[in-house]
Every structure is written in C-alpha cells, then in structure tokens.
Amino acid sequence: MEITGAELFVKALKEENVDTLFAYPGGQVIDIFHALYGEEGIEVVLPRHEQGLIHAADGYARSTGKVGVCLVTSGPGATNLVTGIATANYDSVPLVCFTGQVPRELMGKDAFQEVDIVSITGSICKYAVTVQDRKDLAVTIKRAFHIARTGKPGVVVVDLPKDIQKMYGSNDYSMEIMLQDSKPEMMPENCNEKYLKKHITKAMEQLNSAKRPVFLVGGGVSIAHANEEMTRLAKRTGIPVVTTIMGRGAVPTTNKLFVGNIGIHGSYAANYAISHCDVLFAIGTRFNDRITGKVGKFAPEAVVIHIDIDAACISRNITADIPIVSDARMAIDALLEQAKPLDIWEWRDEIICLKKKFPITMKGSGLTPQKIITFINDMFPNAVVATDVGQNQLWTTQFLEMNQHKKLLTSGGLGTMGYGFPAAIGAKIGNPHRDVIVICGDGGMQMNIQEMATAVVYELPIIVCILNNGYLGNVRQWQEMFYDRKYANTCMRYRRSCPVFCSSPGEECPEYTPDFVKLAESYGARGVRITNAEEIEAAFCYAKRNQKTPTVLEFIIGRESNVMPIVPPGSALCDMILEERKSPKENLELCNHRRYDKI
C-alpha cells in the first residue's frame, strides 16, 4: 500500500518507539502535522520557541536515555535550532531533528523561508542530510535514529522538502530497508575483543606499578551507563576518583574515594591529585580547557592512559601515553576482569586528608547557594536537577550530592545560557513521577522564560530556583577579580540614568526587572521570593505541595557572591586561588603564594 511521505514519517516515529515529539508548526511541515493530528501514542509538545523546543528534547533525552526528537519548519524554524544542536552534540546527546524544507523545485532559488540547514549545521552535528527522493525517506529516517544512538551519541538533522512529504510511495519501514541500502552509514565497531584485551593489559601493568594513580572520569562513563561498574572498579583498586563537571555522579559523591571535580573551579584536593599523580587514568573525557588549565603544566609527572569512544578526542589536547579507543562500559568491564587492590594507602590517605582540610564551602551566615543546594540534597533524594550556565551551574556542581538515584542535566561543552529551564521541561515530560528542579541565574532564566507558558499548559510541577544576584554573575566575578572591578554590561539592574562608571552595588540601585514572582503568576504559575536562609525549607515544602503548575522560587543572594576556588586565566591547576581578594593585583599574585608545595 502506498502512503504519503508525511504518513510514513508518523509510521517511522511509531516504529522507533517515539512517544514524545517536540514540535512547532509552519508552512513547510503542515502536512506532517496534519498526519500527526489525532494520532494515538505520540504526544506532540508545543513549546513557545524553537530554541526552547530543542533544549526540551535534549533534557528529555538525557533524563530518559531515549532519543530526543523534534520537528520544526524551514527557514527561521530551522535556524532557531542551531544553538540547541551544538549544545546537544557537544555533550553527546542523541537527538534527531527534522526540519521542513521548501519543495525541491524551489530549492536554491531564494524561496520564502528557505535556508540550507544541512550546510549550516554540518559542522555542529553528527550527520545532516536532505531527503532528495521519496524512495529514500524511510532508510534516511531509520539511519538517522541509528546514527544518533550508536557509537558516540549525537545529533542528526534530517531536512524534509515539502513535496517529499506530500508524495506517495512505499509504506515499508523495516530493518531490511537499511541493510539493503548501498550506503548504510553503519557505525563501525571502535575496537574488537583482541584489541581491547591487549591495550587494557598494557594499561593495567602501568597502573599496578603506580604509586600515585588517579582515575579521571568524564561524561562518557555516564553516557555508557557504566556508573555502577566505575564505582566497583574504584572500590576494587582503591584508586581516588576525580571527575569533570559532566562526569559528576559517575561515582557517588558520598563515596570515600570520590575526591571532587577538577578544573578552574575544582576542589583543592582534586586539582592537587591531578598535579601530583604518576598515572592518570582518564575515561570518557575530552580534556577541554575548563579542566586542564595551562596544558603544559597539566599532570606533569603522569603517564596518561586515555579511554574514549572517539579516537579524534585522544591526544588532541593532552597527549596519551596509552591510548585506547573503546566504549567506556566495555573498557571498564575489561578492567574489572584484571583489577586488583593496589598498595597505595599513603597516597590515598594524603588525598582524603586534603579533601577534609580544604573543603569547598561558602562563608557567611546569610542566604547562600550552598545552603539552598544542601536543602535540595536533603529534601529531593530522587530528583532530576537541571542547571543553566554561569555561577548557578558551578555552585550546583560543587555542592549537589550525586548518586544512582539522582540525575544532573547541564550544558557542559557549549555552556549555553537559557538551557536549564526548557531542559527541565523535557525532563519532567519524560519523568512525570520524579521531582524535577532547575537551578538558574536571573540572567539565564530570561533567555527562555517564555517556556513558562509551556510548563503551565502541560501542567508540569517543576521547581524553578532562581539564584538572583542582579548580575551576569560569572562574568562579573572575572571583572571583579581580574579586570579592576569594571562591571561592564553585567549589571541586570542597570538603567540609562545610572552612573557611567559603577563598580559596586548599593542601596541606591534600581529595582530588578522583571519581578519574577509577578511574572510567574501572570503565566499561571506560583512564585515565592526568599530573602533569608530561614525561609528555604518552607519554600521547598510549598513547592513540593504544588503538583499542578511550576513554582518559581526566587532566592535573593549576595550580589557579589563568588565561586571559589578559581584558577586564574592562563594558569595551571596548581596555581588556584582558594580565598577571595578584592584587588585584581592581589588575585593575580595570590597564586604565587598558594602553590601546592607551599601549603
């Protein structure tokens, strides 16, 4: 039986077990929406902006382990996905993004709402293609889902010309259509059993002779669903574990072998461990600049063993002495077969002692992010927690306790402001019976605040925690510490009538715009403003009781609260600043007096 391309699209989604489609209609996808109308088994979620839409699909995918799927029209509908495509692809999130396109006879003729989205996204996704023939539609869609979910997960963009959607053709959507295809874009195996065994044996020989080994765990371990295995490996060997922000939770943060995050806002003990280890065993990390600091001084005494599913990531930033191309779970399983307890108790005790001696903590008796997140740890043991980007993200990844019952969603590689709230919407849709919390700053919250309408109309009781300091806080902190307190364009209370030069907040500062509590109420959500620590628990209890709409909790925190420790720009991890100094000169000089060998 012949069916239209739009009808085949719907059939394909059902065959791929897609139960949620994040979609925004438009002229070049109207036929697909017509085919979807009244279709049982697929919930079509209508966000208020395409960027919110793709971040929601991203949050859905990260929190459920399924492929996230979105559909938008051509032109601006497609281009509004670009930031979300890059965000998801950087963090290896499996998404399939369908974009409408003008009919083939109009392509290349500057037709209304025509853009070459395949060329635009080719460098920021795993695969992008325009369907040029109706008979290729089924195999293209099946290939898209296969590529998105296999190997190193990522984003696939499928561009669908309008005439292909309307054209009649085969209704076949079976596995055979891809197997019979002449160019089946099948992902090759990264390694075979013989390869893996050989290299794992070599790595274990190096590890067994180490005196100061460290596991560095990245997001690849969680993507491979190898958290339990990684925890067993650490326990069996007794090797301390440090994580990247994306790897946080791969080993429970309460485990005695977990040291902390590394990087420019990492813990003292974690950065010390990296700077003094003799074997650095890295699994599932890209070694980006946020964790390495000055590359030439990163793990200077270590033999580096690097496992990653993407061969291109190995030795790109940090040279690996023993490179191993493998899925993280396969590699960890192979390591477990050979792993044994190591006699490194002196090294392990030294790291544990430093962790206790130099904990990450926020001083002061007022309302601090640490106190807020501590209540989240205590009151929401099974939550999905999404963050935005900036200080809110850094505080969350410093203080949020993680284990197998908690899920953290955050934009790691691209650092996308505006990600957190729509990602939480997608997570709540995918996990209706779990608490979903988003932690964001006042700046990032406004980037996709229109999605409050989405959360309200879909009756999603998300808890929105806005850490409001009235600034674009992360940039303001750098301006304070390294740019002579010149707060250039980071004050969110600014009015044109304000003084030209302003380097500190005061009582005379204008009121904040908008009023988040009133804005939440205008959408039909609930809002509470919290100004002191004694109100935190009651606010979260109120939010937990509200099971019909989002609850916005606006926490008024210190306007010049900083994320500490910090590694100054261009410095090595061993040059981190542990304490705040108000003078930029003091901050830049302080690292010379706080080096590890002088503490």
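Everything below is about the structure printed above this text.
Now for a look at the structure at hand. Not measured: the values here are computed from a predicted model. (Residues numbered from 1 in each chain as written. Predicted model: local features only at pLDDT ≥ 70, side-chain atom pairs only at ≥ 80, totals over all residues. Heavy atoms only, no water.)

Considering the pattern of salt bridges
Close approach of charged atoms allows side chains of opposite charge to pair. All chains considered together, the criterion is met by 18 salt bridges. The closest approach of N and O atoms between E16 and R149, which form a salt bridge, is 3.3 Å. Of this pair, E16 sits in the loop between helix 1 (5–15) and strand 2 (20–23) while R149 sits in helix 7 (residues 137–149), and the two are 133 residues apart along the sequence. A relative accessible area of 12% means that E16 is categorised as buried. Judged by relative accessible area, which is 42%, R149 ranks as partly exposed. By sharing partners, the salt bridges in this structure join R476, E480, R485 and E560 into a single network. (Salt bridge = Lys/Arg side-chain N within 4 Å of Asp/Glu carboxyl O. Helix = DSSP H or I, 4+ residues; strand = E, 2+ residues; numbered from the N terminus. Buried < 20%, exposed > 50% of the residue type's maximum accessible area, 1.4 Å probe, protein only.)

A look at the sheet that holds strand 20 (residues 551–556)
Reading across the sheet, the 6 strands line up as 16-15-17-18-20-19 and stay open at both edges, with parallel pairing between neighbours. Looking at strand neighbours, the two that pair on one side only are strand 16 (407–409) and strand 19 (526–530), the edges of this open sheet. In this sheet, adjacent strand axes meet at a mean angle of 20 degrees when their direction is disregarded. Summarising the sheet, strand 18 (residues 463–468) and strand 20 pair through 6 bridges and their orientation is parallel. Within the sheet, the bridge partner assigned to N468 lies in strand 20 and is I556. Set on the sheet, helix 3 (residues 50–64) makes contact with strand 15 (384–387) and strand 16; between it and strand 16 the angle comes to about 155 degrees. (Pairing = 2+ DSSP bridges. Axes fitted to C-alpha atoms, helices over the stretch in contact; angles between N-to-C directions. Contact = heavy atoms within 4.5 Å.)

Some points on the sheet that holds strand 10 (residues 241–243)
Across the sheet, 6 strands lie side by side as 11-10-9-12-13-14; this open sheet has parallel pairing. The sheet terminates laterally at strand 11 (258–261) and strand 14 (322–325), the two strands that pair on one side only. Recorded for the sheet is a direction-independent mean angle of 15 degrees between the axes of neighbouring strands. Pairing of strand 10 with strand 11 involves 3 bridges; the strand directions are parallel. From the neighbouring strand, V241 faces strand 11, where its bridge partner is F258.

Side note on the packing of helix 17 (residues 369–379) against helix 24 (residues 536–545)
Following both chains from N to C, one finds helix 17 and helix 24 inclined at 45 degrees, their axes separated by 10 Å at the closest point. The pairing of helix 17 with helix 24 is recorded here as oblique in orientation. Two packed elements cross with a definite hand, and for helix 17 against helix 24 that hand is right-handed. Facing K371, I372, F375, I376 and M379 of helix 17, the residues of helix 24 in contact are I536, E537, F540, C541 and K544. Grouping the amino acids of the contact of helix 17 with helix 24 by side-chain chemistry returns 7 nonpolar, no polar and 3 charged. (Parallel < 35°, antiparallel > 145°, perpendicular 65-115°, else oblique. Left-handed = near helix turned anticlockwise from the far one by under 90°. Nonpolar A, V, L, I, M, F, W, Y, C, P; charged D, E, K, R; others polar.)

Some points on the pairing of strand 5 (residues 95–101)
The buried count for strand 5 comes to 7 of 7 residues, which makes it a mostly enclosed element. Of the two faces of strand 5, both are covered, the one formed by L95, C97, T99 and Q101 as well as the one formed by V96, F98 and G100. Summarising the sheet, strand 4 (residues 68–72) and strand 5 pair through 5 bridges and their orientation is parallel. Across the sheet, residue G68 finds its bridge partner in strand 5, namely L95. The pairing of strand 5 with strand 7 (residues 155–161) spans 7 bridges and is parallel. Paired with L95 across the bridge in strand 7 is V155.

Describing the environment of V115
You can see V115 is positioned in the loop between strand 5 and helix 6 (117–121). Sequence separation of V115 and A88 is 27 residues, and the distance between their C-alpha atoms is 21 Å. Look past the residues within four positions of V115 in its chain and what remains in contact with it is G75, A78, T79, Q101 and I120.

Focus: the side chain of T551
Take T551: it is sitting in strand 20. Looking at T551, the relative accessible area reads 1%, which means it is buried. Not counting the four nearest positions on each side in its chain, T551 is found in contact with I462, I463, V464, R526, Y542, A543 and N546.

Focus: unusual backbone geometry
Negative phi is the rule for most residues except glycine; trans is the rule for most peptide bonds. Note the cis peptide between T513 and P514, where omega equals 5 degrees. A cis amide bond, omega 0 degrees, links M564 with the succeeding residue P565. For P565, the position within the fold is in the loop between strand 20 and helix 25 (584–590). Of note, D110 is a non-glycine position whose phi angle comes to about 55 degrees, a positive value. Positive phi is not limited to glycine here, since A299 has a value of about 45 degrees. Relative to the assigned elements, A299 resides in the loop between helix 14 (289–292) and strand 13 (303–308). By relative accessible area, A299 is classed as buried at 6%.

Structural notes on helix 16 (residues 345–357)
The end-to-end C-alpha separation of helix 16 is 18 Å, in line with the 18 Å expected for 13 residues at 1.5 Å each. For helix 16, the secondary structure elements touched by its buried residues are strand 9 (213–217), strand 11 and helix 13 (268–276). (Expected span 1.5 Å × (residues − 1).)

These results come straight from atomic positions and should not be treated as a statement about function.
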